[in-house]
Amino acid sequence: MKLYHGTNADIETIDLTKGLRYKDFGKGFYLTPERTTAVRMAQKKARLFGGTPTLITYDFDETALISDLQIKMFPERACTEWFLFVDANRDKKNADPIHHYDIVIGPIADDGVVLQITNYREGIYSPEQAAQLLQDKFLDQQYFFGTERSLRYLDKTNVEIV
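About the criteria used
- Residues numbered from 1 in each chain as written.
- Predicted model: local features only at pLDDT ≥ 70, side-chain atom pairs only at ≥ 80, totals over all residues.
- Heavy atoms only, no water.
- Pairing = 2+ DSSP bridges.
- Helix = DSSP H or I, 4+ residues; strand = E, 2+ residues; numbered from the N terminus.
- Axes fitted to C-alpha atoms, helices over the stretch in contact; angles between N-to-C directions.
- Contact = heavy atoms within 4.5 Å.
- Salt bridge = Lys/Arg side-chain N within 4 Å of Asp/Glu carboxyl O.
- 1 Å grid on protein atoms, 1.4 Å probe; cavity = no way out; pocket = protein on both sides within 12 Å on 5 of 7 lines; lining within 4 Å.
- Points joined across faces, edges and corners; volume = space filled by probe spheres on them.
- Nonpolar A, V, L, I, M, F, W, Y, C, P; charged D, E, K, R; others polar.
- Phe/Tyr/Trp six-rings, centres within 6.5 Å; stacked < 30°, edge-to-face > 60°.
- Buried < 20%, exposed > 50% of the residue type's maximum accessible area, 1.4 Å probe, protein only.

## Some thoughts on the sheet that holds strand S3 (residues 54–60)
With antiparallel pairing, the three strands of this open sheet are ordered in space as S1-S3-S7. Each edge of the open sheet is held by one strand with a lone partner, namely strand S1 (2–7) and strand S7 (154–161). Going from strand to strand, the sheet's axes swing by 25 degrees on average, the running direction of each strand aside. Taken strand by strand, helix H1 (residues 35–49) contacts S1, S3 and S7, and its axis lies near 15 degrees from that of S1.

Following this line, the structure appears as structure tokens:
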């Protein structure tokens, strides 16, 4: 399976220590099966941080999904469990990682999700209500790789300027 990473420069070797802590699924390396999503991310990163919009393609060996890795797969649509997982990972009050999965697969939390997290934190909606409001919203998918063991299932195959 092809997965894409949009960034502002080529990455020779994935360094998990460079990931940001308070992302959807925590500190790790993120990819998506949607090329257009990765291209948008590359362009955004280059615009915000400089560099050149770069799309890196990886082959993901799907035998990882039946290996001894710890994997969490969420449904393709928003659900309460996913919503609370993203909220906990993005919560800066959580100094330590909230999970130890090698790979997490699920929807990308976009601005609409961030709005519902804010509404949940302010007590406007329950997590169930917030997740329900997101049910009809198409959310692109993401693959999180959080351990060195998980990275063994990725093979970099192409780099292109977008």
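## Some points on the sheet that holds strand S4 (residues 71–73)
Strand order in the open sheet formed by four strands is S2-S6-S5-S4, with mixed pairing between adjacent strands. Taken across any chain shown, the strands that pair with only one partner, and hence form the sheet edges, are strand S2 (29–31) and S4. Put simply, the sheet's adjacent strands are angled 20 degrees from each other on average, direction ignored. Bridging between S2 and strand S6 (residues 141–145) involves three bridges; their strand directions are antiparallel. Bridge pairing in S6 places Leu31 opposite Tyr143.

## Topic: the pattern of salt bridges
Inspection of every chain in the model, using the stated rule, returns nine salt bridges. For the salt bridge of Asp24 with Arg90, the shortest nitrogen-to-oxygen distance reads 2.7 Å. One end of the pair, Asp24, is in the loop between S1 and S2; the other, Arg90, is in helix H2 (residues 80–90), with 66 residues separating them in the sequence. Members of the salt-bridge network, linked through shared partners, are Asp68, Asp102 and Arg149.

## A closer look at the layout of surface pockets
What the largest pocket holds in volume is close to 1400 Å³. Lining of the largest pocket is provided by 40 residues; of these, Gly6, Lys23, Tyr30, Met41 and Lys45 occupy positions nearest its centre. Elements that contribute at least two residues to the lining of the largest pocket include exactly S1, S2, H1 and helix H3 (111–121). Among the elements that make up the lining of the largest pocket, the one with the highest residue count is H1 (eight residues). By volume, the second largest pocket is sized at about 200 Å³. Around the second largest pocket sit 15 residues that line it, and Lys27, Pro97, His99, Phe144 and Gly146 are the ones nearest its centre. Residues belonging to the lining of the second largest pocket are distributed by class as follows: six nonpolar, seven polar and two charged.

## Looking at the packing of aromatic side chains
Here the structure, examined in full by the defined rule, presents 10 aromatic pairs. Measuring from ring centre to ring centre gives 6.0 Å for Phe25 and Phe74, while their planes differ by 25 degrees; the resulting arrangement is stacked. Within this pair, whereas Phe25 is found in the loop between S1 and S2, its partner Phe74 is found in the loop between S4 and H2, the two being separated by 49 residues in sequence. With respect to burial, Phe25 and Phe74 carry one shared label: buried. Seen from their ring centres, Tyr30 and Phe144 are 5.4 Å apart, and the 65 degrees between their planes marks the pair as edge-to-face.

## Describing the environment of Ser150
Structurally, Ser150 is set in helix H5 (residues 148–151). The class of Ser150 is buried, set by a relative accessible area of 0%. In sequence terms Ser150 and Tyr101 are 49 residues apart; their C-alpha atoms lie 9.4 Å from each other. Residues contacting Ser150, with those up to four places away along its chain left out, are Leu69, Asp102, Ile103 and Phe145.

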